[in-house]
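# Descriptive analysis of the structure
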Amino acid sequence: MSKNKSSESVKVVVRCRPLNQREESNGPAGGIVQMDLRLGQVILRNPRAPASEPQKTFTFDAVYDANSKQRDLYDESVRPLIDSVLAGFNGTIFAYGQTGTGKTYTMQGAWMDPEKRGVIPNAFDHIFTHISRSQSDKQYLVRASYLEIYLEEVRDLLDPKHGNSRALELRESPESGVYVRDLTSCVCKSIKEIEEVMNMGNQARAVGATDMNEHSSRSHALFLITVECSQPGPDGRKHIRVGRLNLVDLAGSERQAKTGVQGERLKEAAKINLSLSALGNVISALADGRSSHVPYRDSKLTRLLQDSLGGNAKTVMVATLGPSPQHYDETLTTLRYANRAKNIQNQPRVNEDPKDALLREFQREIARLRAQLNHRKWRSKQKKEQVDGGEGWERDGDEETEGEEEEEEVVEKEAEEYVKLEEQRLEMEKEAIRGDQFMLAEEKQRLLGEKERMMGDLRKEQEATEQLTAKYKAMESKLLVGGKNIIDHTNEQQKMLEMKRHEIAEQTRSEREIQQQMLVQDEETLELRETFTSLQQEVEAKTKKLKKLYAKLQCIKAEIQDVNDEHVRSRQELEQTQNELTRELKFKYLIIENFIPPEEKNKIMNRLTFDPEEDQWKFQPLVPAESKSSQMKKRPTSAVGYKRPISQYARVAIAMGAHSRYRAENIMFLELDMTPPNTASLDRSTDAESNQSHSVDNSPTKDRGVRKSRSW
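What this report covers is the structure whose coordinates are included nearby. (Residues numbered from 1 in each chain as written. Predicted model: local features only at pLDDT ≥ 70, side-chain atom pairs only at ≥ 80, totals over all residues. Heavy atoms only, no water.)

Moving on to the pairing of strand E2 (residues 11-16). Burial of E2 is extensive: six of the six residues sit out of reach of the surface. Both faces of E2 are covered, namely the face carrying Lys11, Val13 and Arg15 and the face carrying Val12, Val14 and Cys16. Where E2 and strand E17 (residues 314-321) come together, six bridges link them in parallel fashion. Directly across from Cys16, in E17, lies its bridge partner Leu321. Bridging between E2 and strand E6 (residues 62-64) involves three bridges; their strand directions are parallel. When the sheet's bridge partners are listed, Val13 is paired in E6 with Ala62. (Buried < 20%, exposed > 50% of the residue type's maximum accessible area, 1.4 Å probe, protein only. Helix = DSSP H or I, 4+ residues; strand = E, 2+ residues; numbered from the N terminus. Pairing = 2+ DSSP bridges.)

Judged by nonpolar contacts, the single largest core of 50 residues is most densely connected at Val14, Val42, Phe60, Leu147 and Leu279. Ignoring sequence-local partners within four residues, the contact set of Val14 consists of Met35, Val42, Phe60, Ala62, Val63, Tyr64, Ala319, Leu321 and Leu335. Within the second largest apolar cluster, 41 residues are counted, among which are Tyr64, Leu158, Val227 and Leu247. (Core = buried A, V, L, I, M, F, W, Y, C linked by side-chain atoms within 4.5 Å. Contact = heavy atoms within 4.5 Å.)

Another aspect to go through is helix H5 (residues 191-204). For H5, built from 14 residues, the straight-helix expectation of 20 Å at 1.5 Å per residue is met to within 8% by its first-to-last C-alpha distance of 21 Å. For H5, the set of buried residues is Ile191, Ile194, Glu195, Val197, Met198 and Gly201. The arc that holds every buried residue of H5, seen down its axis, measures 155 degrees, which confines them to one face. Exposed and oriented more than 90 degrees from the buried face of H5 are Lys192 and Gln203. Of the surrounding secondary structure, the elements contacted by the buried residues of H5 are helix H4 (119-133), strand E8 (139-150), strand E12 (186-187) and strand E15 (220-232). (Expected span 1.5 Å × (residues − 1). Arc of directions from axis to C-beta.)

Inspection of the secondary structure assignment puts Thr57 in strand E5 (residues 56-59). Residue Thr57 is classed as partly exposed on the basis of its relative accessible area, which comes to 45%. Separated by 15 residues in the primary sequence, Thr57 and Val42 place their C-alpha atoms 5.7 Å from one another. Sequence-distant contacts of Thr57, that is, excluding residues within four places in its chain, are made with Gln41, Val42 and Ile43.

What follows concerns the packing of helix H7 (residues 264-288) against helix H14 (residues 535-595). Two numbers describe a pair of packed helices, the interaxial angle and the distance between the axes. At a closest axis distance of 11 Å, the pairing of H7 and H14 adopts a crossing angle of 130 degrees. Considered as vectors, H7 and H14 are oriented oblique to each other. The handedness of the crossing between H7 and H14 is left-handed. Residues Leu266, Lys267 and Ala270 of H7 form the contact with H14, whose own contacting residues are Thr577, Glu580, Leu581, Glu584 and Lys588. Partitioning the contact of H7 with H14 into residue classes produces three nonpolar, one polar and four charged. (Axes fitted to C-alpha atoms, helices over the stretch in contact; angles between N-to-C directions. Parallel < 35°, antiparallel > 145°, perpendicular 65-115°, else oblique. Left-handed = near helix turned anticlockwise from the far one by under 90°. Nonpolar A, V, L, I, M, F, W, Y, C, P; charged D, E, K, R; others polar.)

Here we take up unusual backbone geometry. Outside of glycine, negative phi angles account for most residues, and trans bonds account for most peptide bonds. Phi angles above zero are rare outside glycine, and Leu151 is one such case at about 55 degrees. Unusually for a residue other than glycine, Asp182 sits at a positive phi of about 60 degrees. Considering the arrangement of structural elements, one finds Asp182 in the loop between strand E11 (177-180) and E12.

Turning our attention to a nonpolar patch on the surface. Nonpolar side chains collect at one region of the surface, where Phe587, Ile591, Phe595 and Ile596 lie side by side and expose about 420 Å² of accessible area between them. Mapped onto the fold, Ile596 is located in the loop between H14 and helix H15 (598-607). Judged by its relative accessible area of 34%, Ile596 is partly exposed. (Patch = residues over 30% accessible without salt bridge, like charges linked within 9 Å, V, L, I, M, F, W, Y side chains within 5 Å. Areas by Shrake-Rupley, 256 points an atom, 1.4 Å probe, with all protein chains shown as cover. Salt bridge = Lys/Arg side-chain N within 4 Å of Asp/Glu carboxyl O.)

With that out of the way, let us pick up the sheet that holds strand E3 (residues 33-36). Pairing in this open sheet of three strands is antiparallel, and the strands run E3-E4-E5 from one edge to the other. Both edges of this open sheet fall to E3 and E5, since each of them pairs with a single strand only. Within this sheet the neighbouring strands show an average axis-to-axis angle of 20 degrees, counted without direction. The pairing of E3 with strand E4 (residues 41-44) spans four bridges and is classified as antiparallel. Bridge assignment links Val33 to a residue of E4, and that residue is Leu44. In the packing of helix H9 (residues 328-341) onto the sheet, the strands contacted are E3, E4 and E5, and the crossing angle to E5 comes to about 35 degrees.

Right under this line is the structure:
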C-alpha cells in the first residue's frame, strides 16, 4: 500500500446504506450496488444500460454493505488510526458522499444506543479508556474544539455568541500547519465532558430540510481533538508527544433538480458544491502525481484538510453510497473520487516535543504552585515551632511523602493546626490583657487592637493558602494520569474481549489484503502457467484472452463516455446554478440603481478592498484606528435624539420639569391669566337685586373664565 517507509496511502472504505421507505415505494427495481466483503469490491450496475453491458467494479481497502454494524466499521478501519493518534501522529477521518447517504449517521450515529454509536462517540470511548489503562508515569491533556464551514465562513460552534460572532480567520505556521485563529478550545477530563462539548456544538450547527433529506447538514463540521502525552524518556527527561485527531462530517453534494432548494438553501448548496468540487480537484491533483500545483487555497475546507491530504497525517476516507437507481450518477461520481483518493500518499510523522504543547506549560504552572505551597508549609512549621518550642512535630521538614495526595493532605492538616493554635494563643493573650487590673485602659486598648490585627493577618494568610491550594488542585485536575480511574474500570474479561476483537479485525484486514494481492498475481501469471498440447487449444485460449481484453477495452470506452457525459451534466448544473445566482444578482443591482443614491453607492465601492489571504472582499473602516487627528467630528450634543437642533436654554428648560415653558421641541405652551368667575346669588325678593344680579351674570369678563390656549 505504501511506496516507502515514510509515506502511506490514504485508506478508503466504502459503506452503502439500505433503501429507505420512499425508494422502496417507487418500484421493485432493487439496488444497483453489490458488495463483495471478502475481496473489498463494489460492483455497480447501470439501470439505464442494456443487460449485455458489463458492470463497473471498484476495489477498496474495505467495504460495508447495508447489514454492516457500526462497531465492525470502527474496529476494522478506525481503531488503528486512533491508536496512531495516541502514539503522537496526526489523524483524520472524513465521510464523503451524496446528501442523504448516511455520512452523519456513520460519524455520529445514535448516541444512546451502544450498537448504533458512530465513529465519534466510539473514538471518545477509545481515547479515555486507553488513558485509564496506561502506566502511572504518563500524564495526558485532552482538548477539544468544534467548528463549521458555512457559506465559506469558518464559525466557532463552541462560542456562546455563535450567531453574532464574526467569521474566524485561517492562519498557517511552520510548526502546526494551517490552524484557525481564536478558536475555542475546551479541556476535557472524561467521556461525559467531551460529549457535552459535542452536544453543545451540534445545537448550534446549521441544518435544514430538502426533498432528499429532512435533516440535511448545510455546513461542513470539523471536531478537533488534541491529545498531549508526557512520559519520561531514556535520558530521564520528560518528553511530550502531541496527536491531533480531525473528525470531519462533510455536507453532501446536491443537485438542485433533485433537492428542490430555493433562495437561501440554493446559496448554501452552491457553496457546498463549490467546496466539494475544490476537494475533488485536490484529490485529482494529488492522485495524478504529475501536477506541480495542488489547489489547496480554492476553499476553506481544502485548506483545513491540507495536512490530511498529502501532508503530515494518517487519513481514513469513508465514502457513503445510496443504492437507489435514481442516484446512479451520484453514486458513480462518489466511487470515482474514492478510487482516486487511494493513490494519495501522505508522510505521517510523530509530533514529539512541539513548541505549542500546552502540557508543558501546565506542568510548569503546577510545579510553581507546588513550590509556593511547600514554602507556606515550611513557614507555618517554623511559626509553630516558635509557638510550642519545637514540640509536637514528629515529621522532618525535608521528609517527602509517599504520594502527592498524602503530601497535599499533610499540607492542609498542618496549616489548619497552625491556625487553630494561633487563634487559641491570641484568645488567651486577649483574656490575660482584659484580666490585668494594674494595666491602664489605653494600654489595654492598644494591646487588644494589636491582637485583633494579628488575628486578621492570620485569617488573610489562611484564605491565601486556601486559594493557592484550590488553584493547584484545579490545575492538576486538568491533567489525566495513567492508571487512575477516569470512568469505572472495565473488568479483565472486557479487556480481553476488546483485545480479541482487535485481533479478529486485524486478521480480517490482512486476509482481505492477501486475497486482493493473490487476485492480481493470478491474472499476471495465468499465461505463464498455461501449456498447450495443440495449436487448436492455443487458438482457443488466445481467443478467450482476446475476448477478455476486448471486454476491458469496451469497459474503458464506456468509462470515457461516462466521464464525458458526467462532465456535460456537471457543466449544465453549474450553468443552471450560475443563471439562478445571476438573476438574483441582477435583482439586487436593480434595487441598488433605483433606491440607493449614486453618491452613497460610490462611497461604499471606494471602501471595498480585496483580501488575498481570505480570498474575499472586505470593507475598510470609515476612520483608520491609528489616525486620531482625522477622526470624524461628533454630532452636536444639542441635536442628539431630536428631529432638529435646539438651543441649550431650551434643553435646560425641558429638563426642569412638568411646569416648564418648554414641553417639547421648541413648542411653547402659553398659559393666559385666569380670573375666577363671579357668581351672584339669586334673590327674588327684590327686583333691584335681581336686575343687578342679571347684569352681573351678563358680564362677559366676570361671567366666564378664559380657557387655556394649547398650541399642539
